[in-house]
Amino acid sequence: VQLVESGGGSVQAGGSLRLSCAASGGTFSTYAMAWFRQGPAKRRLFVAGISGSGDSTRYGDSVKGRFTISRDNAKNTLYLEMDRLTPEDTAVYYCNADLSYRNILIGKGNYWGLGTQVTVSS
């Protein structure tokens with residue numbers, strides 16, 4: 001499975017961005033998906049996860065109520081809608097995929113994209 005993120009950029013605090021992750025090379029609907037992020041000098045952290053069907057989602061505590069994960073299985077694409085962004089959201093955002101939803105939620109998904117940079121200025 002190949003994953004390519006897009007949609008990152010620079011935005012002021014309080015703004016919004018939508019990230020996309022285009023998947024290829026597998027049956028997209030069979031893969032659980034997630035977003036992780038890694039800020040400067042920080043470890044990679046779970047942001048949000050979604051089951052293959054899209055009927056189950058999970059969020060990291062720091063983004064609950066501000067970020068929304070979704071997927072379009074017909075387009076083989078994962079999304080992350082990010083609202084009310086703060087400078088603390090500055091990070092490289094990575095797309096992650098695995099056949100196991102559990103593996104996704106514990107950060108052990110098999111497939112990773114190269115990431116897209118999000119920078120939030122105050």
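Note: the structure precedes this text.
A brief structural summary. Here the structure is a predicted model, which means the values were calculated and not measured.

What counts, and at which threshold
- Residues numbered from 1 in each chain as written.
- Predicted model: local features only at pLDDT ≥ 70, side-chain atom pairs only at ≥ 80, totals over all residues.
- Heavy atoms only, no water.
- 1 Å grid on protein atoms, 1.4 Å probe; cavity = no way out; pocket = protein on both sides within 12 Å on 5 of 7 lines; lining within 4 Å.
- Points joined across faces, edges and corners; volume = space filled by probe spheres on them.
- Nonpolar A, V, L, I, M, F, W, Y, C, P; charged D, E, K, R; others polar.
- Helix = DSSP H or I, 4+ residues; strand = E, 2+ residues; numbered from the N terminus.
- Salt bridge = Lys/Arg side-chain N within 4 Å of Asp/Glu carboxyl O.
- Buried < 20%, exposed > 50% of the residue type's maximum accessible area, 1.4 Å probe, protein only.

### Quick word on empty space enclosed by the protein
Scanning the model with the defined rule gives one cavity of 30 Å³ or more in all. The computed volume of the largest cavity comes to approximately 40 Å³. Taken together, Val1, Ala23, Ser24, Gly25, Gly26, Phe28, Tyr31, Met33 and Asn76 make up the lining of the largest cavity. By residue class, the composition of the lining of the largest cavity is five nonpolar, four polar and no charged.

### Remarks on unusual backbone geometry
Residue Ala41 is not a glycine yet carries a positive backbone phi of 60°. Counting through the fold element by element, Ala41 comes out in the loop between β4 (32-38) and β5 (45-50). Positive phi is not limited to glycine here, since Arg84 has a value of about 50°. Position of Arg84 relative to the elements: it lies in the loop between β8 (77-82) and β9 (91-98).

### Quick look at the pattern of salt bridges
Scanning the entire structure with this criterion turns up three salt bridges. Between Asp89 and Arg66 there is a salt bridge, and its shortest N-O distance comes to 2.8 Å. Taken together, the residues Asp89 in the loop between β8 and β9 and Arg66 in the loop between β6 (57-59) and β7 (67-72) connect sequence positions 23 residues apart. Residue Asp89 is classed as buried on the basis of its relative accessible area, which comes to 1%. Its relative accessible area of 12% is what places Arg66 among the buried residues. Residues joined by salt bridges that share partners form a network here, namely Arg37, Arg66 and Asp89.

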